[in-house]
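Coordinate inspection notes
Single-letter residue listing:
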Amino acid sequence: MSGKVLVVKDLSVAYGKVEAVSKISLEVGEGKIVTVIGPNGAGKTTTLSAIMGLLPSTGQVAFDGSIEQVPEVERMVVRGMNLVPEKRELFGTMTIEDNLLLGAFQRNRHGHRDHLQTMEEVYALFPRLKERRLQQAGTMSGGERQMLAVGRALMAKPKLLMLDEPSLGLAPLIVREIFRIISELRRRGVSILLVEQNARAALQVADYAYVLENGAVKMQGEAEMLRNDPRVIESYLGLASKHQEMLAT
Amino acid sequence: MEALHIIGEEHQSLAAILHAIRFMLKEIAAGKLEADLKLFQAMVHYLDAYAEKRHHPKEDLLFRRLPQRAAEGAEALAKLGLQHAAAPQRMAALELGLANYVADNSRFDDFARAFDAYAEFYREHMMLEEDVVLPLLRSHLTADDWTELDAAFRAEMSAKSGKDGKEEDFSALFSRLVDCAPAPIGFGPRPFAN
């Protein structure tokens, strides 16, 4: 497992009798962006939730060199795994700064006292959050909320950052900026597992990709290879239709 | 195929800028947004200095290889060649529309019409490239072609030559545009300062 932050083997998740995810195996290398793309309902969010310990699962999750037979969310956070959920899940009546501080809660509880320095690093990455730090999170726009959600996750100094649909509901201009920041995080050494329906944007930024359909991995490979694979292009990239949609009145 | 990756990145950025201008024009027309003329000028500058002067020359490098490897796509390439060559006229029409609006805000429609024509052109232009020409390039160019093209693209990307040969950091400019554009399309509104 050398060089791998995350190694998932034969992960399965069932909702009652319905198997939502079936024997998925995937890996995330250190300092890499790995993306999981696929249509709505393919099992992408379920996969992230199971890895994080938010859902019961079978199979094996090895994180940072240690195997977790039964991932538990608090333990995973303490060990350096962090999830930015699709719905951001911020505290709207709390200030931006307090939301950020909450991200450092577990780390602080375990004796680390570097949260102020980490917050400055987050502010350097997202100057807008610093400008608005005393405002309530509920007053922020969608793009700003996404920034705050990522910033809050970074407060835990994660070894692995998992992003669930970071582009969801955001305008193309902001999506480009969010993905630029994701690239910047990789440059800073953060390993990233990125779940996205916007395959076009995800494959542009990722190093490696998995295509998930009906709860199973249908394809995988270097992102560059998948970007140029006719099956992926036809099914997921939408090509010109994407621009058509973006430029439509 | 780094060259294709770069083209894909640039198409997404350009489409995002066009989407943003269209959104703002609609909001202004509906009386929901006050125009930031400097932001419009900066976005139009981005289209000129980046799309027309940096992006299209790279595409020309790429497209030139296809006739050397395949007979297909000749009609599309000829059309794209003419479209790239017509950049000065296309930009002049857009810039004139904006200049009229900046000089006299009752001439909003001049800019809106000029922009609609420009955006519609771009939509069809990118569709032709992505539906017809890029798939042919993927199919017919050799590994050696891609090695050479990737190197040429990398050299161009590091040149950073902007409008009138001045150095310009387009990535930083893009971030400023996002920062100033009004929510929900950007993180603003905040006045765009030169």
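By convention here, each chain's residues receive numbers from 1 onward along its written sequence. The order in which chains are written sets their letters, starting at A; the order in which ligands are written sets their numbers, starting at 1. Totals for whole chains, interfaces and linings use all residues, but because this is a predicted model, local features are given only for residues with pLDDT of at least 70 and pairs of side-chain atoms are given and counted only at 80 or more.

Re the packing of helix α2 (residues 37–63) of chain B against helix α5 (residues 87–103) of chain B
Helix-helix packing is characterised by the crossing angle of the two axes and by the distance between the axes. Residues and elements named next belong to chain B. Think of each axis as a best-fit line through the C-alpha atoms, taken over the contacting stretch in the case of a helix, with angles from 0 to 180 degrees between the N-to-C directions. The way it works is that DSSP assigns letters per residue, a run of H or I at least four long becomes a helix, a run of E at least two long becomes a strand, and they are numbered from the N terminus. One way to put it is that α2 packs onto α5 with a least axis distance of 11 Å and a crossing angle of 175°. Overall, the two elements α2 and α5 adopt an arrangement that is roughly antiparallel. Contacts between α2 and α5 involve Leu37, Phe40, Gln41, Val44, Asp48, Glu52 and His56 from the first element and Ala87, Met91, Leu94, Glu95, Leu98 and Val102 from the second. Charged means Asp, Glu, Lys or Arg here, nonpolar means Ala, Val, Leu, Ile, Met, Phe, Trp, Tyr, Cys or Pro, and polar covers whatever is left, Gly included. Class assignment for the residues of the contact of α2 with α5 results in eight nonpolar, two polar and three charged. For classification purposes, an angle smaller than 35 degrees is called roughly parallel, one larger than 145 roughly antiparallel, one from 65 to 115 roughly perpendicular, and anything else oblique. Here contacts are defined at the residue level, using C-beta atoms placed from the backbone and a cut-off of 7 Å between them.

What to know about the sheet that holds strand β8 (residues 191–196) of chain A
In sheet architecture, strand pairing relies on hydrogen bonds along the backbone and comes in two forms, parallel and antiparallel. Residues and elements named next belong to chain A. We call two strands paired when DSSP finds no fewer than two bridges between them. Spatially, the six strands line up as an open sheet ordered β6-β7-β8-β3-β9-β10, and their pairing is mixed. Every interior strand has two partners, whereas the edge strands, β6 (81–84) and β10 (216–222), have only one. Within the sheet, the average angular offset between the axes of one strand and its neighbour, ignoring direction, is 15°.

Some words on the interface of chain A and chain B
Taken residue by residue, the interface counts 23 residues in chain A and 31 residues in chain B. Within the residue set of the side of chain A that touches chain B, elements represented by two or more residues are α7 (142–154), α8 (172–187), α9 (199–205), α10 (223–227) and α12 (239–247) of chain A. Element by element, the count of residues in the side of chain A that touches chain B is highest for α12 of chain A, at six residues. Its residues assigned to classes, the side of chain A that touches chain B shows nine nonpolar, eight polar and six charged.

Concerning the pairing of strand β1 (residues 4–15) of chain A
All names here are of chain A. The pairing of β1 with strand β2 (residues 18–29) spans eight bridges and is antiparallel. For alanine 14, the partnering residue across the bridge sits in β2 and is glutamate 19. Two successive antiparallel strands, β1 and β2, enclose a turn made up of two residues, where glycine 16 displays a positive phi of approximately 65°. As defined by bridge partners, β1 adjoins strand β4 (residues 58–63) across five bridges and the pair is classed as antiparallel. Within β4, the position partnered with lysine 9 by the bridge is glutamine 60.

Some thoughts on α2 of chain B
To estimate the expected span of a helix, count its residues, drop one, and scale the result by 1.5 Å. Relative to the 39 Å expected for 27 residues at 1.5 Å per residue, α2 of chain B spans 36 Å between its end C-alpha atoms, a close match to the ideal helical length. Fitting axes to the seven residues that end at a residue and to the seven that start at it, the angle between those axes gives the bend at that residue. Taking the largest bend as the criterion, α2 of chain B deviates by roughly 30°, centred on histidine 56 of chain B, and proline proline 57 of chain B comes between one and four positions later.

Points about the sheet that holds strand β5 (residues 66–68) of chain A
Residues and elements named next belong to chain A. The four strands lie next to each other as β2-β1-β4-β5, forming an open sheet whose pairing is antiparallel. For this open sheet the edge positions go to β2 and β5, each flanked by a neighbour on one side alone. When strand polarity is set aside, the average angle formed by the axes of neighbouring strands in this sheet is 20°.

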